[in-house]
Amino acid sequence: MMFKRHSIAIPWLLSYAAILLVPLLVSIVTYTQTNRTVAEAINRSNNLILSKVRQDMDNWLSDIDRLSIEIAFNPQVQELLTIQGPLMPEQYFTLYKAFESLKVYQSSQRSAHYFVYFPSIDAIVTPEISNSSEVVYNHLYTRNPIPYEEWKMRLQQRYNGGYVQLGNSAANENGGIGDLAYVRSVPIGNPSSTIRGNVVILVDDSKFWIAGSVDYIHNGVAAILDKQDRVLASTSPLVEPMPVGYKELAGKSGVLKASYSGQPVVVSYISSEATDWKYMILMPERVYWDKSEYIKKATAIGLLVCLLIGGGLAYLFVRKNYSLVRALMELFQGRKNVVIVPGAQANEYNFLRQAIHSTITENEDMSSRLTTFMRGRFIEKLLKGKESAIPLEQSLDAYGMHFVSDAFTVMIVRANEDADMPLSAFRSAVAIAIDQAAGPMVTGYLAEMDDWLVYLLNCDKREESDDRIRDASASAIANRIAGHMETLHGISPAITVSGVHYSAIGIAKAYDEALEAMEYQSVYGVTGVFLYSDMNNTGMRGEYYYPLEKEQSLMNSIKAGEYGYAEAIIDDIFKDHLEQRKLPLKLAKCLFVDLVSTMLKTINDMSSISDNPFLESLDPIERLLECRTVNELKGQLKQILRNICGYVRQEQAGNRHTSVVQTIVSIVQEQYRSIDFSIVSIADQMGLHPASVSRIFKEGTGTPLLEYIAKVRIAEAKNVMQEPGMTMDIVAQAVGYSNVRTFRRVFAKHEGVTPGKYMDLL
């Protein structure tokens, strides 16, 4: 049992092992610090060498740069630059003077090999020779030369003081001159001008390293790297390319680790202050560890001895201490209904802890659950106005509640239908939001009732006595609660807030107001925070206007199958009563009943629908009763109207036009003589919309209604004109025209002649 998987002996043994880790860690740290000290000493040595190399090299490179400028501005060189070849006999003396003037600079120990190339005459002048470029090339480059044409092409390019590889020089065997040269184009400082010449200084690579520096780099290799990753010089030949590139050598100096020839190396480098070169030393990594090998062996032996002795002592101490734990386990085991549950914490200590505290925990949990339940029941009684045999003050003390004043406001908090959150989780989220929104200075209690949460807010006496101020305070808290829920959980709860009421009796009134506001909020689809006081604003009147003529128009539109007009009537009613004014909830329900009654009466008047299976499938009553909001009711009403009007148009398409057209024709024949006769008067008599009358007549006859009325009047006018003594005014009024000009225009349109000419022809 001692060394079972989750036994407490395992952590004890691990703790003793952790103690053993102390000398182990100390030894490792000491060994690491020792190696680091050795490495730092080698790095400091390398840095000193590199710093000395940089100082000497930068000074030497600066001398080369100044030398190139002096040669470029030499008067004899400048005079020779003006010659545009070929050379004339009298100009050879100028060439000779330039040749003699270059010997002056040989006395400065800066460089012993330099020349000036003049592309216009294809000539090179050195302190030793003055001839064509090809002759000088053959004189200087006799060992592994680059092709002459390539060498000449490089000399003809523009350089603003740069280092160029021109091939191995013949002087390399004796004078140490390599393939690197410093080139500066003349004239200086004008990159757009034509090149007159190039000053070339051959670099002596024997000056690249200080004397004896190789002895101090511990069998390493020193090298110079330029920006193009070219190795300009090295203390020994390199068998492979450089293990690091120029871009990896960031900063002015540093140390990198790399691999060279299959061996790990340490690269120390420093940047030149005169050029873009990097001076570097590649040193085998084993150099760092050779000097610490003895320390490494001594440390390993000491650690092994420490682990062997310490491990044995740790086992003995764990075994002795565990005997006490075993005795306690035997004492509690079988007496307490506590078992070790498999898991990371299932050990003897956990078992003993559970056994000791189980009774206390059970009692506390039972007391807490009972108090929470009884407090909820007590708040529910207060909200519902139920009387209690226990005095209020005594109940408050029993449930840990305290009212700071006799003013109360009730909030109902509900989750929207689209919120996918269990009620228990929603309650926890609301409780947290209330704590953040209300703060410690606000007294309130949360209870769960039905499918929503009720927050009883006790208004502080320190607030203003005006109820409107307190309403604003409750509204502000409700808005903060909604804001926290939206931010933390992405839920926009629906919150209704009652007015302020006083005493315990007022709590029930406040709850009723919150319920009524919640019902209003649901019916009208109001989201967010809604106050009970918003239901009684001055814009609401205790009446609604639904006259018989509007009801009759709605019924006629349904009977005629005119969904557009029926929809316009419904929209007008809803806009006037439920959007602009928002009727009180009870009156809104009455208006809903009236609208439903109108639809039912219309359906009952239409026997073809009331006894038809279509009505059963439509099921308008059930669909309307399922609506819970104004928008849902409006949508269902419109959908039912659309279905009924579509069915009416389909059923009455066969005989409807004939009946209506006959009625229109009879009305026209009877009333066309009246000056007030129009399509509007026909529509009023038939209970239809004027546009419907015109459309039905044209669909039934193929003739527009206005044109038909004009034809009837013109036919009668021709009959009246045959009577003796008729004037144009009498004829026009006899057929219903109050204006002679209108009569004359209509008559001419239909007959092709004016009424006067027609009468002359009689």
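All values derive from a computational prediction rather than experimental measurement. (Residues numbered from 1 in each chain as written. Predicted model: local features only at pLDDT ≥ 70, side-chain atom pairs only at ≥ 80, totals over all residues. Heavy atoms only, no water.)

Chemist: Looking at this model, I keep getting lost on the overall build of the protein chain. Mind explaining?
Modeler: When you go through the protein chain residue by residue, the secondary structure sums to 27 helices and 17 strands. Counting across all 762 residues of the protein chain, residues that qualify as buried make up 41%. Element-wise, carbon and sulfur atoms account for 54% of the exposed surface of the protein chain, whose accessible area totals about 41,300 Å². (Helix = DSSP H or I, 4+ residues; strand = E, 2+ residues; numbered from the N terminus. Buried < 20%, exposed > 50% of the residue type's maximum accessible area, 1.4 Å probe, protein only. Areas by Shrake-Rupley, 256 points an atom, 1.4 Å probe, with all protein chains shown as cover.)

Chemist: Please clarify how the packing of helix α4 (residues 133-140) against helix α5 (residues 148-155) should be interpreted in this entry.
Modeler: A packed helix pair is summarised by two numbers, namely the angle formed by the two axes and the spacing between the axes. Interhelical geometry of α4 versus α5 gives an angle of 115° and a closest axis separation of 11 Å. Accordingly, the angle class assigned to the pair α4 and α5 is roughly perpendicular. Seen from above, α4 lies across α5 with right-handed handedness. Within the contact between the two elements, α4 uses Ser133, Glu134 and Tyr137 and α5 uses Tyr148, Trp151 and Lys152. (Axes fitted to C-alpha atoms, helices over the stretch in contact; angles between N-to-C directions. Parallel < 35°, antiparallel > 145°, perpendicular 65-115°, else oblique. Left-handed = near helix turned anticlockwise from the far one by under 90°. Contact = heavy atoms within 4.5 Å.)

Chemist: How should the nonpolar core be read in this particular structure?
Modeler: Soluble globular proteins tend to bury their nonpolar side chains together. Counting residues in each nonpolar core, the largest one holds 41 residues, and the members touching the most others are Ile71, Leu102, Phe118, Trp277 and Tyr279. When residues of this core are assigned to their parent elements, the largest contribution, 10 residues, is made by helix α1 (residues 9-72). Judged by nonpolar contacts, the second largest core, of 36 residues, contains Tyr546, Ala588, Met606 and Leu641. (Core = buried A, V, L, I, M, F, W, Y, C linked by side-chain atoms within 4.5 Å.)

Chemist: What's the story with the sheet that holds strand β9 (residues 253-260) in this structure? I'm lost.
Modeler: Sheets are built from strands that pair by backbone hydrogen bonding, the pairs being arranged parallel or antiparallel. Taken together, five strands build an open sheet; the order of strands is β8-β7-β11-β10-β9 and the sheet is antiparallel. Both outer strands of the open sheet, β8 (231-234) and β9, are each paired with one neighbouring strand and no more. Between one strand axis and the next, the sheet turns by 25° as a mean value, whatever way the strands run. With eight bridges connecting them, β9 and strand β10 (residues 263-271) associate as antiparallel partners. Across the sheet, Val255 pairs through a bridge with Ser268, a residue of β10. (Pairing = 2+ DSSP bridges.)

Chemist: In this structure, what is going on with the side chain of Lys152? I would like to understand it.
Modeler: With respect to the secondary-structure elements, Lys152 resides in helix α5. Lys152 has contacts with Tyr117, Asp122 and Ser133, leaving out every residue within four places of it along the chain.

Chemist: I would appreciate a short explanation of the packing of aromatic side chains in the present structure.
Modeler: Where two aromatic rings form a pair, the distance of their centres and the angle of their planes describe that pair. Here the structure, examined in full by the defined rule, presents 14 aromatic pairs. Measuring from ring centre to ring centre gives 5.3 Å for Phe697 and Tyr708, while their planes differ by 45°; the resulting arrangement is tilted. Linking Phe697 in helix α23 (residues 690-701) with Tyr708 in helix α24 (residues 705-721), this pair joins segments that are 11 residues apart in sequence. Take Tyr708: its relative accessible area is 19%, and that puts it in the buried class. Measuring from centroid to centroid gives 5.7 Å for Tyr737 and Phe743, while their planes differ by 50°, and the two rings are tilted. Comparing Tyr737 with Phe743 shows no difference in burial state: the two are buried. Put simply, the rings of Tyr737, Phe743, Phe747 and Tyr758 pair up and form one aromatic cluster. For the cation-ring pair, Lys278 lies above Tyr246, with the distance from its terminal atom to the ring centre recorded as 5.4 Å. (Phe/Tyr/Trp six-rings, centres within 6.5 Å; stacked < 30°, edge-to-face > 60°. Lys NZ or Arg CZ within 6 Å of the ring centre and 35° of its normal.)

Chemist: Honestly, the pattern of salt bridges in this entry has me stumped. Any pointers?
Modeler: Pairing between side chains of opposite charge can happen when the charged atoms of each approach one another. One pass over the structure, following the stated rule, counts 17 salt bridges. Close ionic contact of Glu273 with Arg54 constitutes a salt bridge, the shortest N to O distance being 3.9 Å. Of this pair, Glu273 sits in the loop between β10 and β11 (278-284) while Arg54 sits in helix α1; the two residues are 219 residues apart in sequence, bridging distant segments of the chain. On the basis of relative accessible area, Arg54 is assigned to the buried category, the value being 18%. Across the pair Asp122 and Lys152 runs a salt bridge, and its minimum N-O distance is 3.5 Å. Highlighted residues: Asp122 in the loop between β1 (114-118) and β2 (123-125) and Lys152 in helix α5, separated in sequence by 30 residues. One connected set of salt bridges, linked through shared partners, spans Arg377, Glu380 and Lys384. (Salt bridge = Lys/Arg side-chain N within 4 Å of Asp/Glu carboxyl O.)

Chemist: Sorry if this is basic, but what is going on with the confidence of the model for the protein chain here?
Modeler: Mean pLDDT over the protein chain works out to 78, with 80% of the residues at or above the 70 mark. For residues 170-177, every residue scores under 50 in pLDDT, and the model assigns this stretch 23 contacts once sequence neighbours within four places are set aside. (pLDDT = per-residue confidence, 0-100.)

Chemist: So what exactly am I meant to see when it comes to the packing of helix α22 (residues 679-686) against α23 here?
Modeler: In contact at an axis separation of 8 Å, α22 and α23 are set at 95° when each is read in the N-to-C sense. When the axes of α22 and α23 are compared, the pair comes out roughly perpendicular. Only Pro690, Val693 and Ser694 of α23 make contact with α22, whose side of the interface consists of Ile679, Val680, Ile682 and Ala683. Considering only residue class, the contact of α22 with α23 consists of six nonpolar, one polar and no charged. (Nonpolar A, V, L, I, M, F, W, Y, C, P; charged D, E, K, R; others polar.)

Chemist: I tried to follow the environment of Ile696 on my own but got confused; where do I start?
Modeler: Looking at where Ile696 falls in the secondary structure, it is placed in helix α23. A relative accessible area of 0% places Ile696 in the buried class.

Chemist: What should I look at first to understand the pairing of β11 in this one?
Modeler: Looking down a regular strand, the side chains alternate between one sheet face and the other. Where burial is concerned, most of β11 is hidden: seven out of the seven residues are buried. The alternating pattern of β11 places Lys278, Met280, Leu282 and Pro284 and Tyr279, Ile281 and Met283 on opposite faces, both of which are buried. Looking at chain direction, strand β7 (residues 221-225) and β11 are connected through five bridges and run antiparallel. Opposite Leu225, over in β11, you have Lys278 as the bridge partner. Sheet topology places β10 next to β11; seven bridges connect them, and they run antiparallel. Within β11, the position partnered with Ser271 by the bridge is Lys278. Between β10 and β11, which pair antiparallel in sequence order, lie six residues.

Chemist: Please explain the environment of Val668 as it appears in this structure.
Modeler: With respect to the element layout, Val668 can be found in helix α21 (residues 656-671). Here Val668 falls in the buried class, since its relative accessible area comes to 0%. C-alpha separation for the pair Val668 and Leu705, spaced 37 residues apart in sequence, amounts to 9.6 Å. Setting aside its immediate chain neighbours within four residues, Val668 contacts Phe677, Ile682, Leu705, Tyr708, Ile709 and Val712.

Chemist: Sorry if this is basic, but what is going on with unusual backbone geometry here?
Modeler: Phi is mostly negative for residues that are not glycine, and the peptide bonds are mostly trans. Here Val186 and Pro187 are connected by a cis peptide whose omega angle stands at 5°. For Asp122, which is not glycine, the phi dihedral falls at a positive 50°. Backbone geometry at Asp229 places phi at a positive 60°, although glycine is not the residue there. Structurally, the position occupied by Asp229 is in the loop between β7 and β8.

Chemist: Sorry, what's going on with helix α14 (residues 548-560) here?
Modeler: Each α-helix turn comprises 3.6 residues. Residues three or four places apart therefore point the same way. Between its first and last C-alpha atoms α14 spans 18 Å; for 13 residues at 1.5 Å apiece the expected length is 18 Å, and the two agree. Three or more residues of α14 are buried, namely Glu551, Leu554, Met555, Asn556, Ser557, Ile558 and Ala560. Remark: Gly561 follows α14 within two positions and exhibits a positive phi of approximately 75°. (Expected span 1.5 Å × (residues − 1).)

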